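# Chains, contacts and geometry: an overview
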Amino acid sequence: MIERTLVLVKPDGVARGLIGEIISRFEQRGLKIAGLKIVRAPEELIAKHYDHDDIVKRKGEFVWKKLMKGLTNQIVVAMVVEGIEAISFVRKICGDTEPRAAPPGTIRGDFAHHGYAYADAKNIPVNNLVHASSDAKDAEREIKIWFKKDEILSYKRADEAWHYG
Ligand code: ADP
Ligand code: MG
């Protein structure tokens, strides 16, 4: 039941000074930051991170191209977030992919208002501040892409008993 998932603060979140705010959203819910780094992401890293066939199937080749352009050589913060059913819970904290649709109280719903129509007209990715793994298979795959085994740490938080019982 305790899961680990991969979260990225995307270039728009870094540029807007929202790294701390975004990490806090997870920390304050009792989730644990088990790995953390800031990197300028080369093309091959982004091409591995986003599964080409999956994005093309669900969204189209144009979205793949926009993602590659929007994230390659940009600065992102990568983290491994751990907690009870963390994979789906972290997605909930992030909110819907399209910030216009994301409810207030979520990261995307509180700090962005981009929409698909606007992004398509401007030929840019939807600026939605964060990435979070979509399921257990992706979480495992993505964590391995961004972190070496010894970069993910186990430790106890002082408030852990209150979150885990
Ligand atoms: P999520 O990040 O919520 O898992 P997806 O995996 O469906 O969403 O898409 C990956 C990323 O591609 C999104 O976070 C968003 O930045 C971008 N994106 C998705 N759909 C579009 C679109 N129609 N136009 C532009 N960018 C998009
Ligand atoms: Mg996704």
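In what follows, the structure referred to is the one given above.
Report on the accompanying structure. The written sequence of each chain sets the order in which its residues are numbered from 1. In the order they appear in the text, chains get letters beginning with A and ligands get numbers beginning with 1. Local features in this predicted model are restricted to residues whose pLDDT is 70 or higher, and side-chain atom pairs enter the listing and the counts only when it is 80 or higher, whereas totals over whole chains, interfaces and linings include all residues. Hydrogen atoms and water are omitted, and side-chain values are computed over all heavy atoms in the structure.

## Quick word on helix α5 (residues 61–71)
Working definition: with a 1.4 Å probe on protein chains only, accessible area under 20% of the residue-type maximum means buried, over 50% means exposed, and in between means partly exposed. For the purposes of this entry, the term helix denotes a DSSP run of H or I that reaches at least four residues, the term strand denotes a run of E that reaches at least two, and both are numbered from the N terminus. Residues of α5 that are buried include every one of V63, W64, K66, L67, M68 and L71, and no others. Its buried side turned inward, α5 meets α1 (11–15), α3 (43–49), α4 (52–58), β3 (75–84) and α8 (116–122). The positive-phi residue at the C-terminal boundary of α5 is N73, with phi of around 65 degrees. By definition, residues are in contact when any of their heavy atoms lie within 4.5 Å.

## A look at the pairing of β3
Counting buried positions along β3 gives 8 out of 10 residues, so the element sits mostly inside the fold. Only when DSSP finds a minimum of two bridges between them are two strands counted as paired. Inspection of the sheet shows strand β1 (residues 2–9) paired to β3 by 8 bridges, in the antiparallel sense. What sits directly across from E3, in β3, is G83. Looking at chain direction, strand β2 (residues 32–40) and β3 are connected through 8 bridges and run antiparallel. Each bridged residue has a counterpart across the sheet, and for K32 the counterpart in β3 is E82.

## Some thoughts on the pairing of β1
As defined by bridge partners, β1 adjoins strand β4 (residues 130–132) across 3 bridges and the pair is classed as antiparallel. Note that in β4 the partner of L8 across the bridge is H131.

## Concerning the layout of surface pockets
Here the largest pocket defines a volume of roughly 810 Å³. The pocket and cavity definitions rest on a 1 Å grid over protein atoms only: a 1.4 Å probe that fits but cannot leave marks a cavity, an open set with protein on both sides within 12 Å along at least five of seven lines marks a pocket, and residues lining either have an atom within 4 Å of a point. In terms of lining residues, the largest pocket is bounded by 36 residues, among which K10, Y50, I55, L67 and T97 are the most central. Of all the elements in the fold, those that place two or more residues in the lining of the largest pocket are α1, α4, α5, α8, β4 and α9 (136–146). No other element matches α5, which puts 6 residues into the lining of the largest pocket. Grid points are joined across faces, edges and corners, and a volume is the space filled by probe spheres set on the points.

Function-wise, these values are silent; they only describe arrangement.
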